[in-house]
Amino acid sequence: MALTQTAETRYTKPVLVAVNKPFDDEDGLQALRSHPLFSELNGKDLQHLIQQSRRIRLGHHQLLYRQDMPAHHFFFVISGRLRLYRLDSSGIDRTLDSIAPGDCFAEVMIYADPPRYACYAEALKSSEVLMIPVKAYQDMLESNPKYAQAALRHYAKRAVSRFHDLEIMTVQNARDRLIRYLIDLLPNGADEGGEVELPLPKCLVASRLAMQPETFSRILADLKANGLVRVNRSRLFISDPQRLIEISQ
């Protein structure tokens with residue numbers, strides 16, 4: 001998907017929200033405590049980390065950071081949805097991932113040297129994130145091996161997930177890439193059908209799967225015509241995942 005304007009012209013400073021107000025949203029706190037990077041922290045350490053963090057509000061299509069910027073923070077999504085993408089040498093943006101509430105991103109900066117953001121982070125809708133200082137989290141890891149072990153388990157799980165993503169992208173056939181992507185969205189994978197919601201607009205899903213939006217639309221229409229999926233805007237119903245898998249083999 002081509003940029004209609006450069007990322008630099010779209011970069012505006014995020015709005016700090018309630019800098020001196022504690023992060024006391026109970027649902028948000030529970031989601032934070034449940035995340036593997038924070039679940040092992042005792043109450044005192046978690047509160048200390050939150051006090052050093054800041055809530056950031058982002059408007060629709062506002063950039064949180066740019067590719068290659070020095071990285072001093074990583075982020076936890078409180079509400080909304082963000083997209084991670086890179087610009088290729090021709091200036092085309094390539095979607096890497098979408099980030100939902102309850103997710104962390106840029107956490108690899110905790111161990112990066114030198115720490116620089118590897119991509120752009122853009123809000124797909126009005127969003128709020130918790131901006132967490134890398135140095136503050138590093139200090140806790142150094143003081144408590146239990147915390148460091150939990151962080152490494154999180155990274156290991158993410159690495160396995162990334163290898164799976166790379167496996168999908170090595171599939172040459174665009175239809176097969178889309179089918180494998182849709183199967184992964186199902187809560188129980190290929191074992192059970194159900195309804196899924198695309199986490200990104202269709203044109204960005206196409207970018208994520210390295211295909212043109214027209215190709216994505218054509219393949220989806222073909223799957224629909226053959227009774228393999230039902231489509232209602234961003235929601236898709238897959239009644240028989242095994243049939244989808246069979247046509248992709």
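Residues numbered from 1 in each chain as written. Predicted model: local features only at pLDDT ≥ 70, side-chain atom pairs only at ≥ 80, totals over all residues. Heavy atoms only, no water.

As named in an unreviewed UniProt entry, the protein is Crp/Fnr family transcriptional regulator, taken from Marinobacter flavimaris.

## Quick notes on the overall build of the protein
Across its full length, the protein holds nine helices and 12 strands. Its C-alpha radius of gyration of 20 Å places the protein within 12% of the 18 Å reference for a compact globule of 249 residues. Its C-alpha atoms give the protein principal-axis dimensions of roughly 55 × 40 × 30 Å. Considering the protein as a whole, with its 249 residues, one finds that 44% of them fall into the buried category. Accessible surface, the protein as shown: approximately 13,200 Å² in total, 51% of it carbon and sulfur. Counting 32 positive and 30 negative side-chain charges, the protein places the centres of these two groups 4 Å from one another. (Helix = DSSP H or I, 4+ residues; strand = E, 2+ residues; numbered from the N terminus. Rg over C-alpha atoms; globule rule 2.2 N^0.38 Å. Buried < 20%, exposed > 50% of the residue type's maximum accessible area, 1.4 Å probe, protein only. Areas by Shrake-Rupley, 256 points an atom, 1.4 Å probe, with all protein chains shown as cover. Lys, Arg positive; Asp, Glu negative; His and termini not counted. Charge placed at Lys NZ, Arg CZ, Asp CG, Glu CD.)

## Things to note about the sheet that holds strand β8 (residues 120–123)
Ordered by their spatial adjacency, four strands build an open sheet running β3-β8-β5-β6, and the pairing between neighbours is antiparallel. The open sheet is flanked by β3 (63–65) and β6 (93–99), the only strands paired with a single partner. Across the sheet, the mean angle from the axis of one strand to that of its neighbour is 30 degrees, orientation sign disregarded. Sheet topology places strand β5 (residues 82–87) next to β6; six bridges connect them, and they run antiparallel. By the bridge assignment, arginine 83 is partnered in β6 with serine 98. (Pairing = 2+ DSSP bridges. Axes fitted to C-alpha atoms, helices over the stretch in contact; angles between N-to-C directions.)

## A few points about the environment of valine 108
Residue position: valine 108 is located in the loop between β7 (104–105) and β8. By relative accessible area, which is 47% here, valine 108 ends up partly exposed.

## Thoughts on the UniProt feature "domain: HTH crp-type" (unreviewed entry) in the protein
Under the local residue numbering, the UniProt record ascribes the feature "domain: HTH crp-type" (unreviewed entry) to residues 172–242. In the segment residues 172–242, helix accounts for 48% and strand for 15%; the C-alpha atoms at its two ends are 20 Å apart. (UniProt positions renumbered as here; feature names shortened; annotations may be inferred.)

## Considerations on helix α8 (residues 213–225)
Along its 13 residues, α8 runs 18 Å from first to last C-alpha, staying within 8% of the 18 Å computed at 1.5 Å per residue. Residues Thr215, Phe216, Ile219, Leu220 and Leu223 constitute the buried set of α8. What you see down the axis of α8 is that its buried residues fit within an arc of 125 degrees, all on one side. Projecting away from the buried face of α8 at angles above 90 degrees are the exposed residues Glu214, Arg218 and Ala225. Elements that come into contact with the buried residues of α8 comprise α6 (174–185), α7 (202–208), β11 (230–232), β12 (235–238) and α9 (241–247). (Expected span 1.5 Å × (residues − 1). Arc of directions from axis to C-beta. Contact = heavy atoms within 4.5 Å.)

## Notes on the confidence of the model for the protein
Considering every residue of the protein, the mean pLDDT works out to 87; 90% of them sit at 70 or more. Low pLDDT, under 50, characterises residues 1–5; the predicted model gives this stretch 11 contacts beyond four residues in sequence or across chains. (pLDDT = per-residue confidence, 0-100.)

## Observations regarding the domain arrangement of the protein
Assigned domains of the protein: these are domain 1 (2–168) and domain 2 (173–247). Put simply, the middle of domain 1 and the middle of domain 2, counted by C-alpha atoms, are 28 Å apart. On the side of domain 2, nine residues touch domain 1, which itself brings 13 residues to the contact. In this assembly, domain 1 packs against domain 2 so that about 1,000 Å² is buried in total across both faces, 52% of it on carbon and sulfur atoms. Counting across the domain 1 and domain 2 interface gives zero salt bridges. Those elements that place two or more of their residues in the side of domain 1 that touches domain 2 are β6 and α5 (145–169). Per element, the largest residue contribution to the side of domain 1 that touches domain 2 is six residues, and it comes from β6. (Domains from an automatic or database assignment. Buried area = accessible area lost by both parts, 1.4 Å probe. Salt bridge = Lys/Arg side-chain N within 4 Å of Asp/Glu carboxyl O.)

## With respect to the environment of histidine 61
Structurally, histidine 61 can be placed in the loop between β2 (54–58) and β3. Note on histidine 61: relative accessible area 39%, which makes it partly exposed. Considered as a pair, histidine 61 and histidine 154 are 93 residues apart in the sequence and their alpha carbons are 29 Å apart. Among the polar contacts listed, one links the side chain of histidine 61 to the side chain of histidine 60, at a separation of 3.3 Å. (Polar contact = N/O pair within 3.5 Å; in protein donor to acceptor, adjacent residues only side chain to side chain.)

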